[in-house]
2 protein chains.
Amino acid sequence: MRIEGPWKDATVRHSLAGRAESVLQARLLAELRDEGPLSKAQLADALQVSRTTVGAEVIRLGELGLAVEAGPAASRGGRRSTLVDLSPDIRFAGIAIGATGLSVGVTDGRLTTLGVRSRECDIKQGPEVVLALALETLRAVMSEVGVTRLSGAGVGVPGPVDFHRGVPVSPPIMPGWDGYPVRDAVSRDLGCPVVLDNDVNVLTVGEQHAGVARNARDFLYVKIGTGIGCGIVVDGELYRGVDGCAGDIGHIRVDDFGPTCACGNTGCLEAFAGGSALARDATAAARAGRSEPLAAMLAEQGGLTAADVGRAVAAGDPVAVQLIRDSGRRVGQVLASLVSFFNPGLIVIGGGVTGLGHALLAEIRGVTYRRSLPLATGNLPIVLSELGPEGGVVGAARLISGAVYSSDPTRSA
Amino acid sequence: MRIEGPWKDATVRHSLAGRAESVLQARLLAELRDEGPLSKAQLADALQVSRTTVGAEVIRLGELGLAVEAGPAASRGGRRSTLVDLSPDIRFAGIAIGATGLSVGVTDGRLTTLGVRSRECDIKQGPEVVLALALETLRAVMSEVGVTRLSGAGVGVPGPVDFHRGVPVSPPIMPGWDGYPVRDAVSRDLGCPVVLDNDVNVLTVGEQHAGVARNARDFLYVKIGTGIGCGIVVDGELYRGVDGCAGDIGHIRVDDFGPTCACGNTGCLEAFAGGSALARDATAAARAGRSEPLAAMLAEQGGLTAADVGRAVAAGDPVAVQLIRDSGRRVGQVLASLVSFFNPGLIVIGGGVTGLGHALLAEIRGVTYRRSLPLATGNLPIVLSELGPEGGVVGAARLISGAVYSSDPTRSA
């Protein structure tokens, strides 16, 4: 549609003013979320606008129920400024769904968790069953912490997601979820705005908010769980790629031949080194009589998991140690390439397999440092994530907080 | 230093105002550079500020000799606006130094080349000899096009660079250049501000300004010359990595064993697939009597280059075709990994080896598309750069234009 005549400029100017206002709102609320209560003077400095502009914006955000004045700030030597905080009524939910379990929780506006609960759950049961369990668990947490109304909820699932449509897209390990309207279903149920993303992106921003990556501008978060994926942060912002599938390193081919992957191809990193691959190789070693501890666990449990390999390592089993080393070597090979390409400032290793601890980390580090250019690894820490289930919950809450803080809920899109 | 008392706030506010002013200046001048002369109304819309702010900024930029008013703009139905353009006095130099040759040129403020000249030259002759040749050639171009004074110059060299210090850092194929103060030497000689970057970054921004990547926000530029490197653009901005060495894909290890690379390691992509590797393998094939056309060229010239392999392909030599396919396959393997990781919207292949043309491109495309996730390659064009020597000149000029436009030359840093 073309607008002609004298209205045109006014319309353009109006919408631009709206956009500028909403950018300022997003930056101001994110500043309060990440740095805590701040004086108007501090906010003016941080956002590079005048105190008058901050004052007007705080009044507007107060009317929207997003920010409050919280008493006088400490003196900085001049006129005493007023402290501004996020509204104490803001409550976000985080729902982090993995392949074999889920964690849900409730946070305040600054993403401090008020309550978190985890449940075992098989993603293969399909969206109706899994989402019902997630929402039931979330309602239990909400009732525990006395929250009746949510400002928004973030949801992470273990597969590729069309972020803009809010649906999983051909997720290899999530039968029945392809195209299921997860975002809209959860939004309808909870009566609040919802964002859906893949679990790795969710964990990445969780690590950025509450973990070891708190001060990193450019970093990678590598999740080694049942599958393997990577979150990418460039200049403080999650990078999703043009189709939203950046970071899908589990299906990088590390060998021309190799076990068949859940995606249907052969030679994928994930098919060599993920949690499923470890369990498969451990089972083969147990059956072939190459490892007594693994054979004993297999006989007792009828099956083996990646965690069992960790138990065998703790029991001093050399075959289990070798399995973990092989896995770490394959991951390290891929990370070395990514370090040469991306030159990150930090790599965080997370996901279930990190329970296997330092044998895995040592191998990943060794291969990555040895195979990358010295210039790119000179100051490159490779560390294990220290966040538990809270990481996914905080990450999911952070994703929805960004969406809620950047838009004006009184204005229809 | 701590400033106490009532001055403090004023000082902070003053410097913040200066920063905001300089951000606006940079955006306004970049807009004029990339979009041509614009009316004040169009600038106000593009920068989301008022026409009054634009008017004041244009007056300030006029005093600095950076922008000029260029008559009345076409009417948009309301009050007639004034056209603004970059000052016609702005002149940039671009100096693109490769392993075996260099190109220099002069552009106007919008990076239109006024004159370009290329010379053969061996980087191994060291910085004094090569820079003297570059500057002599540049002066010849300047005199041809009647330019006596430069606003700035950009320089690209074929090796890693410490961007902030303006010096090459341990460049594998540039003996004698390690730590040489290239930026300061050129700046002293030309009497203008200079930036130094690696040749791949220079070609990448050249492609972004004047080539097929003009409308791409997230893309990769892969240079296959004597060596192999990659430029990364994220959301329209060159991504350098935390140590400035992002994109160094030539030293990704593609095999545990393989020929020794110039960097001292074995198995690097560059040692399998770069121009030097092609020349080496072609020489071996000629000596072993496996290719008549290559043997004839070797006998006649006493040595072979990658371009000779291209000539043998044109003559229908199957051995030469196989050499190019092997090279393309190795490059494709690495690109497939990068596509899964980075999910770019476009890959541009440039550098001397692209003279080998479609046999190479076909193999790179085949392997990359086959090995990457379908979601990431569905809309991914992989194309050859169409820019000649101008690409490096425009890229180098664009790098210095960004630096010149974003800082106020009357204010000391």
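Further up the page is the structure itself.
In this text the structure is predicted, and so the values were computed from the model without any measurement.

**Quick word on the sheet that holds strand β2 (residues 67-72) of chain A**
All names here are of chain A.
- Ordered by their spatial adjacency, three strands build an open sheet running β1-β3-β2, and the pairing between neighbours is antiparallel. Where the open sheet ends on each side, the last strands, each with one partner, are β1 (38-39) and β2.
- Pairing geometry for β2 and strand β3 (residues 82-86), over four bridges, is antiparallel. The residue of β3 that forms the bridge with P72 is T82.

**What about the relation of the copies chain B and chain A?**
- Note on the copies: chain B fits chain A at an RMSD of 0.0 Å, the axial shift is 0.0 Å, and the rotation between them is 180 degrees. Both chain copies can therefore be described as sitting about a two-fold axis.
- When the interface residues of chain B are mapped onto chain A, 100% of them again lie at the interface, so the same face is used by both copies.

**Details of the pattern of salt bridges**
- On inspection of all chains with the given rule, the structure shows 36 salt bridges over all chains.
- Of the charged contacts, one joins R33(A) and D34(A) as a salt bridge, the two residues approaching to 2.8 Å between their closest N and O atoms.
- For R33(A), a relative accessible area of 8% gives the class buried.
- Taking the shortest distance from any N to any O, the salt bridge between R139(B) and D189(B) comes out at 2.1 Å. Highlighted residues: R139(B) in helix α4 (residues 127-144) and D189(B) in helix α5 (residues 182-190), separated in sequence by 50 residues.
- A relative accessible area of 38% means that D189(B) is categorised as partly exposed.
- Among the charged side chains, a network of salt bridges with common partners joins R33(A), D34(A) and R398(A).

**Some points on the packing of aromatic side chains**
All names here are of chain A.
- Tallying each qualifying case throughout the model produces seven aromatic pairs over all chains.
- Consider the rings of F92 and Y405, whose centres lie 5.7 Å apart with planes at 65 degrees: the pair is edge-to-face. Here Y405 lies in helix α14 (residues 390-406) and F92 lies in strand β4 (residues 91-97), a separation of 313 residues in the sequence. This pair shows no difference in class: F92 is buried, exactly as Y405 is.

Scoring rules and cut-offs
Residues numbered from 1 in each chain as written. Chains lettered and ligands numbered in written order. Predicted model: local features only at pLDDT ≥ 70, side-chain atom pairs only at ≥ 80, totals over all residues. Heavy atoms only, no water. Pairing = 2+ DSSP bridges. Helix = DSSP H or I, 4+ residues; strand = E, 2+ residues; numbered from the N terminus. Least-squares fit on C-alpha atoms with pLDDT ≥ 70 in both. Contact = heavy atoms within 4.5 Å. Salt bridge = Lys/Arg side-chain N within 4 Å of Asp/Glu carboxyl O. Buried < 20%, exposed > 50% of the residue type's maximum accessible area, 1.4 Å probe, protein only. Phe/Tyr/Trp six-rings, centres within 6.5 Å; stacked < 30°, edge-to-face > 60°.

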